[in-house]
Amino acid sequence: MATKKRRLLKGLVFLLLAGSVGAAVYFNLRQEKAEETYPTALVERGAVVDKLAETGRIELVRTVEVKSTIAGEIRDLPIEAGAWVETGELMAVIEPDPNQSLQLYQKRSSVEQGKIDLAEQERNFERQKALFDRKMIPAKQFEEAEVRLTRARTGLRLAQLELDMLEAKANLQRTQLSGDQVSLDEVRVLAPIDGIVIRRDVEVGEVVSSGLSSYSGGTVLFEIGDPSQLIVRGDIAEIDIGRVEIDQDVDIIVDAYPDTTYRGRVRWIAPVGQQKQGSTIVTFDTEIEITDHAPRLRQGMSCDIDILFARRDSAVYLPVERALEVFDGEDGEDERGESTRGRFVAYLAEGADSLAAASDSTRSDSTRPDSALQLPLSAFAKVELAIGIETSTRLEILSGLTEGDRVAEDPSLIRSKLEEDEKKDGDEEKDEEENEER
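Residues numbered from 1 in each chain as written. Predicted model: local features only at pLDDT ≥ 70, side-chain atom pairs only at ≥ 80, totals over all residues. Heavy atoms only, no water.

Caption draft 1: Representation of the overall build of the chain. Within the chain, the secondary structure is distributed over six helices and 21 strands. When each of the 438 residues of the chain is scored for burial, the buried share is 33%. Within the chain, contacts between residues separated by at least 24 positions form 75% of all contacts whose residues are at least 6 apart in sequence. Here the chain displays about 27800 Å² of accessible surface, and carbon together with sulfur accounts for 49% of that area. (Helix = DSSP H or I, 4+ residues; strand = E, 2+ residues; numbered from the N terminus. Buried < 20%, exposed > 50% of the residue type's maximum accessible area, 1.4 Å probe, protein only. Contact = heavy atoms within 4.5 Å. Areas by Shrake-Rupley, 256 points an atom, 1.4 Å probe, with all protein chains shown as cover.)

So this is what it looks like as C-alpha cells:
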C-alpha cells in the first residue's frame, strides 16, 4: 500500500514538472512569434508655406537733411526732435557770418550802382537821340549810346537776379531802417517738407557752415522723415536671392509687437551684392514696403521678415520626416556627376482601421491615442508620392495619399526592415537550392 502511494506521488510530481516545462516552452514560443510593430501617424490637411525667414530693420522711405544756406551762429531753435513740422515752418534762426553779410551788401550795392548807371545811360540816350534827329551827330555816335543803354539794363537785371537768388536761399528777415535802406537781421531756416523731426544735431550758440559749401557740405541742423511710407531693409544672402522677386508678399513681425503680423511686399533689390567686413557671405540689400497702415511702427525697430514664395491654406501634407526621398542611383547623381532629384515615397498602412480594431483587444496600453497606433511590418506598403510645395518642415501631397490615411512615422526604418527581410528570404532560397543540388 505504501509502495502504491509512493508511485502515485511520483507520478503527480512528474506531471507537474512536465506541465511547467510545457507551459514555459509554450510561452517562450509565443513570445518568439510575436510580431514587431511600428508607430504610425495620420495624414493631415493644413497650411503649407514656402518662405524665406530673415531679419531686418524699419526705416523711412523719405528723409531730408536740413542745412543753412548761410554760415553763421544759431540764435534760436524753436523745434525739438520728435516734433511734427509743416512745409515752410520756422525751424532755426541764424545770425549770418560777417563775410556772408558783406557778400549780401555787395550784391545790394551792385544793384544800386546798376540803377544809377541805367538812369545815366537813359538820360544820355535821350540827348543823343535828340541830336541825331536834328542830324547834328553821326549815326555811329547814336548807335554807341544805344548800346551803352542796353548794357546798363542787362547789368542791372543780372545784379538784381543774383541778389534775389541769394536772399531767397537765405530766407532773410529784413528790418526797415530809413528810406530804401534794408539791413540784414537774421537768416531763417524753414522746413522743406511735412514730417517728423527725426533728430536735431545742433544747439543754440553753435556756429554752422553753409550747406552750399563745396568742401564740407555744410552742417546738418535737422533730419526730417516722412512717416506716411515705411520700409523694412534687410540683407539677403546670395544663396537665397535667386528666389526673391519684386512684388512678392512678405509677413513682418516686429520685435516690439510680437503678436501682430504686418503685411508687406518686396519693392527693390540691389543689383550688386556686398561683402561685409569680416564676413565671407555676399548679401544683397533689399527693401520691403510695409503696406499695412501702422502708426505704432517707428524707424530703427528690428523685425523678422518672411518672404512668401508659395502658399496653400488647405492642402494635404506630410511632415518631411515621414516621407523618404530615394534615388535610382546609389548617390543621387547623373552620368555627369550632377545632383538629381529623387522620388518621394511613404509607407501606407493598408487596412489600418481593421488592424486597429483587432489590436484593441491585445494592446496592453489601452490609453494610447489612436494617432499613435503601432502596426506590424506586414501592414505597410510603399507608395510613390507626387509633391507640390516643399518646405523645410512640410511637403504638399498632390497624389499618393489622402487626408486620414495612416503612414509609418519613420519610413527609413520600415525600408531597412523590408530590405533586411528580402535579403534573409533570398539567402534561405539560395540555401534550399544548394541543398537540392546536393
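Caption draft 2: Spatial organisation of the packing of aromatic side chains. What the rule picks out here adds up to two aromatic pairs. Judged by centre distance (4.8 Å) and plane angle (10°), the rings of phenylalanine 132 and phenylalanine 142 are stacked. On the criterion of sequence distance, the pair formed by phenylalanine 132 in helix α2 (residues 98-133) and phenylalanine 142 in helix α3 (residues 139-170) is long-range, its members being ten residues apart. Residue classification places phenylalanine 132 among the partly exposed residues on the basis of a relative accessible area of 29%. Every member of this aromatic cluster is reached through a ring pair, and the members are Phe125, Phe132 and Phe142. Positioned above the aromatic ring of tyrosine 257 is the side chain of arginine 296, whose terminal nitrogen or guanidinium carbon lies 3.8 Å from the ring centre. (Phe/Tyr/Trp six-rings, centres within 6.5 Å; stacked < 30°, edge-to-face > 60°. Lys NZ or Arg CZ within 6 Å of the ring centre and 35° of its normal.)

Caption draft 3: Region of interest: the nonpolar core. In this structure, Ile58, Val232, Val244, Ile252, Val254 and Leu297 are the most contacted members of the largest nonpolar core, which totals 23 residues. Those elements that provide at least two residues to this core are β2 (44-67), β10 (220-237), β11 (249-254), β12 (261-269), β14 (282-290) and β15 (302-319). When near neighbours in sequence (up to four residues on either side) are disregarded, leucine 297 contacts Ile58, Leu230, Val254, Tyr257, Tyr262 and Ile290. The next biggest cluster of nonpolar side chains, apart from the first, holds 19 residues, and it includes Leu77, Val189, Ile193 and Val202. (Core = buried A, V, L, I, M, F, W, Y, C linked by side-chain atoms within 4.5 Å.)

Caption draft 4: Up close: the confidence of the model for the chain. Overall, the predicted model of the chain reaches an average pLDDT of 82, with 74% of residues at or above 70. Throughout residues 175-182 the model reports pLDDT below 50, and contacts reaching past four residues in sequence, or to other chains, amount to nine contacts. Low confidence marks residues 361-369, where pLDDT is under 50. Its contacts with residues over four positions away, or in another chain, come to three contacts. (pLDDT = per-residue confidence, 0-100.)

Caption draft 5: Representation of the pairing of β14. Burial of β14 is extensive: seven of the nine residues sit out of reach of the surface. Note that β10 and β14 share seven bridges and pair antiparallel. Bridge pairing in β14 links aspartate 235 to aspartate 285. Pairing of β12 with β14, which is carried by five bridges, proceeds in the antiparallel orientation. Note on β14: the bridge partner recorded for tryptophan 268 is glutamate 287. The pairing of strand β13 (residues 274-275) with β14 spans two bridges and is antiparallel. Counted as the bridge partner of glutamine 275 is valine 282 from β14. From the end of β13 to the start of β14, which pair antiparallel, there are six residues, and glycine 278 there has a positive phi angle of about 85°. (Pairing = 2+ DSSP bridges.)

Caption draft 6: Quick look at the pairing of strand β8 (residues 195-200). Across two bridges, strand β4 (residues 84-85) lies against β8 in antiparallel orientation. Bridging from a neighbouring strand, valine 85 pairs with glycine 195 of β8. Bridge count between β8 and β10: four bridges; the pairing is antiparallel. From the neighbouring strand, valine 197 faces β10, where its bridge partner is isoleucine 224.

Caption draft 7: Spotlight on the pattern of salt bridges. Per the counting criterion, the structure on display carries 22 salt bridges. Aspartate 133 is the partner of lysine 129 in a salt bridge, and the nearest nitrogen-oxygen pair spans 3.4 Å. Placement of the pair is lysine 129 and aspartate 133 together in helix α2, with a separation of four residues, close to one helical turn. Taking relative accessible area as the criterion, lysine 129 reaches 35% and is therefore assigned partly exposed. Between arginine 267 and glutamate 287 there is a salt bridge; the shortest N-O distance is 2.5 Å. In this pair, arginine 267 is assigned in strand β12 and glutamate 287 in strand β14, connecting sequence segments 20 residues apart. Look at glutamate 287 and you get buried, because its relative accessible area is 11%. (Salt bridge = Lys/Arg side-chain N within 4 Å of Asp/Glu carboxyl O.)

Caption draft 8: Fine view of the side chain of serine 68. Looking at where serine 68 falls in the secondary structure, it is placed in the loop between β2 and β3 (72-76). Taking the relative accessible area as the measure of exposure, serine 68 reaches 2% and is therefore buried. Here the side chain of serine 68 touches isoleucine 70 through a polar contact of 2.6 Å, landing on its backbone oxygen. Among all residues touching serine 68, those that are not within four sequence positions of it are Ile94, Val187, Val189, Ser209, Ser210, Gly211, Thr219 and Leu221. (Polar contact = N/O pair within 3.5 Å; in protein donor to acceptor, adjacent residues only side chain to side chain.)

Caption draft 9: How the structure looks around the side chain of glutamate 59. Counting through the fold element by element, glutamate 59 comes out in strand β2. A polar atom in the side chain of glutamate 59 sits 3.3 Å from the side chain of arginine 57. Reaching out from glutamate 59, the side chain makes a polar contact with the side chain of arginine 233 at a distance of 2.8 Å. With residues near it in sequence (within four places) discarded, glutamate 59 still touches Leu230, Ile231, Arg233 and Gln299.

Caption draft 10: Just the environment of glutamate 73, in detail. Counting through the fold element by element, glutamate 73 comes out in strand β3. Contact partners of glutamate 73, with chain neighbours within four places excluded, come to Val93, Ile94, Glu95, Gly205, Glu206 and Val207.

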